[in-house]
Amino acid sequence: MQTLAPVLKWNAPLDNASGEIVDYQVMVSLRPDCRWPLSPTLHQNIGAAKTEWTVPQTFLNPGTTYHWKVRARNARGDIGPWGSVFHFRTAAAAK
């Protein structure tokens, strides 16, 4: 990545039998298991059914590997399981 505000993108769940997806929760962590968020701001509901989120620029450091995962919430308020953990690395001289 050449930025400190990467856009994280994911696919909607394949099994949508539990209802319409209205929101996603994203967690960004320094830990490969994504057990703890980097900050409360980086463990948040997106507030929309769109499948991407731009990480706030002020939270990431250059030359650092971050891990992230996402889960969906349906119109009934049910929250699905976390998806797979992905990672990205910011460039050493990120802009």
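Residues numbered from 1 in each chain as written. Predicted model: local features only at pLDDT ≥ 70, side-chain atom pairs only at ≥ 80, totals over all residues. Heavy atoms only, no water.

Some points on the nonpolar core
Grouped together as the largest cluster of nonpolar side chains are 17 residues, with contacts concentrated most on Leu 8, Trp 10, Val 26, Val 28, Trp 53 and Trp 68. If you list the elements that add at least two residues to this core, you get strand E2 (21-29) and strand E5 (65-74). (Core = buried A, V, L, I, M, F, W, Y, C linked by side-chain atoms within 4.5 Å. Buried < 20%, exposed > 50% of the residue type's maximum accessible area, 1.4 Å probe, protein only. Helix = DSSP H or I, 4+ residues; strand = E, 2+ residues; numbered from the N terminus.)

Some remarks on the packing of aromatic side chains
Within this structure, the stated rule accounts for four aromatic pairs. Aromatic side chains Trp 68 and Phe 86 sit 5.3 Å apart centroid to centroid with 35° between the ring planes, which places their arrangement in the tilted category. Taken together, the residues span a long stretch of sequence, with Trp 68 in strand E5 and Phe 86 in strand E6 (residues 86-89) at a distance of 18 residues. For Trp 68, a relative accessible area of 5% corresponds to the buried category. Given a relative accessible area of 41%, Phe 86 falls into the partly exposed group. Through successive ring pairs, a cluster of aromatic residues spans Trp 10, Tyr 24, Trp 68 and Phe 86. (Phe/Tyr/Trp six-rings, centres within 6.5 Å; stacked < 30°, edge-to-face > 60°.)

Quick look at the pairing of E2
Most of E2 is tucked away: eight of the nine residues are buried. Bridging between E2 and E5 involves eight bridges; their strand directions are antiparallel. By the bridge assignment for E5, Val 28 is matched with Trp 68. Pairing of E2 with strand E3 (residues 43-45) involves three bridges; the strand directions are antiparallel. Note that in E3 the partner of Val 26 across the bridge is Gln 44. (Pairing = 2+ DSSP bridges.)

Examining unusual backbone geometry
Most peptide bonds take the trans form, and the phi angle of most residues other than glycine is negative. Positive phi is not limited to glycine here, since Cys 34 has a value of about 55°. Relative to the helices and strands, Cys 34 is located in the loop between E2 and E3. Using a relative accessible area of 0% as the deciding quantity, one classes Cys 34 as buried.

Section: the side chain of His 67
Relative to the assigned elements, His 67 resides in strand E5. Note on His 67: relative accessible area 13%, which makes it buried. Apart from residues lying up to four places away in sequence, His 67 is in contact with Met 27, Val 28, Ser 29, Leu 30, Arg 31, Pro 32, Cys 34, Val 85, Phe 86 and His 87. (Contact = heavy atoms within 4.5 Å.)

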